[in-house]
Amino acid sequence: MTHTIHDKTDERLEQEAARFLSLYMFYTGTIKSMIGLRGLALQLKVEQAGSVDELRELRQPYLDAVRRARGGEVAATLASQLDRILEP
């Protein structure tokens, strides 16, 4: 029985690690191309994040910056992509 609990914990940790990596890659892959140099402070926050929750907190500042730089339609598209990664 303990083995099953550890397996579930390991699986959950692996999923969390995969989500963190996906979020990290999403942000780093789009901040420069969508926001440019104005996204430098946001990029630094992504680099400093140590958890999915910390990256989740950057969702709205990221989308606000994209909206200012590229418009609402682009921000809405990226919000949809980002939300798919954020879903548990």
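I will try to describe carefully the structure that is included in this document. (Residues numbered from 1 in each chain as written. Predicted model: local features only at pLDDT ≥ 70, side-chain atom pairs only at ≥ 80, totals over all residues. Heavy atoms only, no water.)

1. Concerning the packing of aromatic side chains
Part 1: What the rule picks out here adds up to four aromatic pairs.
Part 2: Residues Phe26 and Tyr27 carry aromatic rings whose centres are separated by 6.0 Å and whose planes lie at 65 degrees to one another, so their mutual orientation is edge-to-face.
Part 3: On the basis of relative accessibility, which here comes to 0%, the residue Tyr27 falls in the buried class.
Part 4: Their ring planes at 75 degrees and their centres at 5.1 Å tell us that Tyr27 and Tyr62 sit as a pair that is edge-to-face. Placement of Tyr27 in helix H1 (residues 2-35) and of Tyr62 in helix H4 (residues 59-70) is noted, with a sequence separation of 35 residues between them. The burial state of Tyr27 is the same as that of Tyr62; both residues are buried.
Part 5: Put simply, the rings of Phe26, Tyr27 and Tyr62 pair up and form one aromatic cluster. (Phe/Tyr/Trp six-rings, centres within 6.5 Å; stacked < 30°, edge-to-face > 60°. Buried < 20%, exposed > 50% of the residue type's maximum accessible area, 1.4 Å probe, protein only. Helix = DSSP H or I, 4+ residues; strand = E, 2+ residues; numbered from the N terminus.)

2. Quick look at helix H2 (residues 40-48)
Part 1: Those residues of H2 that sit buried are Leu42, Gln43 and Val46. Viewed end-on, H2 has its buried residues packed into an arc of 100 degrees, placing them on one side of the element. Exposed and facing more than 90 degrees away from the buried side of H2 are Leu40 and Gln48. (Arc of directions from axis to C-beta.)

3. Focus: a negative patch on the surface
Part 1: A surface patch of like charges, here negative, comprises Asp7, Asp10, Glu11 and Glu14.
Part 2: Mapped onto the elements of the fold, Glu11 is located in helix H1. (Patch = residues over 30% accessible without salt bridge, like charges linked within 9 Å, V, L, I, M, F, W, Y side chains within 5 Å. Areas by Shrake-Rupley, 256 points an atom, 1.4 Å probe, with all protein chains shown as cover. Salt bridge = Lys/Arg side-chain N within 4 Å of Asp/Glu carboxyl O. Lys, Arg positive; Asp, Glu negative; His and termini not counted. Charge placed at Lys NZ, Arg CZ, Asp CG, Glu CD.)

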